[in-house]
Amino acid sequence: MDIRPNHTIYINNINDKVKKEEMKRSLYALFSQFGQIVEIVAMKTSKMRGQAFVVFKELVGATNALRQLQGFPFYNKPMRIQYAKTDSEVIAKVKGTYGDKDKKKDKKKKAMEPATSLLKKPAGGSPVPAHSTSAQVPDNPPNYILFLNNLPEETNEMMLSMLFNQFPGFKEVRLVPGKHDISFVEFESDNQAGVAKDALQGFRITATCAMKITYAKK
């Protein structure tokens, strides 16, 4: 029986050796490219190990994420993704508040308000306003290597690889030892690097840090 599309997607077959907080950050980095995320629920209990729920504000975000990330090698294990059976029930059961739907609605409204102000910048598919930030970032001549800065402390190679390997020509991510806020990403050509640079300029790995991308100096 097919489960009806809804705002919440259910993911399993996640590598359970990954720490919960790191897993949630990586899921956020990977899934937020498809739309605004209201919340991510992941628990390390024996019943919930290797599973997570991602709640999107818009149905289209959940649908696109499900289609495009089905089987994605997340920490070297292909993710299995489906729509959750229902939005509220699944999340309520996981949080132990099932049957408390009215309170849940209020909580969800409150949870969405700060998330909206922090994360929701683009309106109706217009470019992220980080493009205005990018206008203030002095850039170098085109290069097949990109320079990233303003990265949050918890950034790791896996997160950046997941973001950039969706673009053709991606080769590798190079972190800078001792400096958590900068990184280099290499592509096969200047043009391919430019496409990724424009698409991810101002992308927020966390709600507070908008990534700044320039061409690396030659």
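Just so it is clear, the model here is predicted, and its values are computed rather than measured.

Please give an account of the packing of helix H1 (residues 20-31) against helix H6 (residues 157-164) that cites residues and values.
Look at H1 against H6: their axes get within 9 Å of each other, and the N-to-C directions meet at 15°. Taken together, H1 and H6 sit at an angle that is classed as roughly parallel. Where H1 crosses over H6, the handedness of that crossing is right-handed. Of H6, the residues touching H1 (which contributes Arg25, Ser26, Ala29 and Leu30) are Met159, Met162 and Leu163.

Describe the pattern of salt bridges, and please don't skip the residues or the numbers.
In total, this model carries seven salt bridges according to the counting rule given. A salt bridge links lysine 57 to glutamate 58, with the nearest nitrogen and oxygen atoms 4.0 Å apart. Notably, a salt bridge pairs aspartate 190 with lysine 218, separated by 3.9 Å at the nearest N-O pair. In this pair, aspartate 190 sits in helix H7 (residues 190-200) while lysine 218 sits in the segment after strand E10 (212-215), placing the two residues 28 residues apart along the sequence. For lysine 218, a relative accessible area of 74% corresponds to the exposed category.

Describe the nonpolar core, with residues and values.
Counting residues in hydrophobic clusters, the biggest one holds 27 residues, and the most contacted among them are Ile9, Leu27, Phe31, Phe56, Phe74 and Met79. The leading source of residues in this core is H1, at five residues. Sequence-distant contacts of methionine 79, that is, excluding residues within four places in its chain, are made with Ile11, Asn12, Leu27, Leu30, Phe31, Leu69, Gln70, Gly71, Phe72 and Phe74. Core analysis: the second largest hydrophobic core is formed by 20 residues, Ala29, Val185, Phe203 and Ile213 among them.

Basis of the calculations
Residues numbered from 1 in each chain as written. Predicted model: local features only at pLDDT ≥ 70, side-chain atom pairs only at ≥ 80, totals over all residues. Heavy atoms only, no water. Axes fitted to C-alpha atoms, helices over the stretch in contact; angles between N-to-C directions. Helix = DSSP H or I, 4+ residues; strand = E, 2+ residues; numbered from the N terminus. Parallel < 35°, antiparallel > 145°, perpendicular 65-115°, else oblique. Left-handed = near helix turned anticlockwise from the far one by under 90°. Contact = heavy atoms within 4.5 Å. Salt bridge = Lys/Arg side-chain N within 4 Å of Asp/Glu carboxyl O. Buried < 20%, exposed > 50% of the residue type's maximum accessible area, 1.4 Å probe, protein only. Core = buried A, V, L, I, M, F, W, Y, C linked by side-chain atoms within 4.5 Å.

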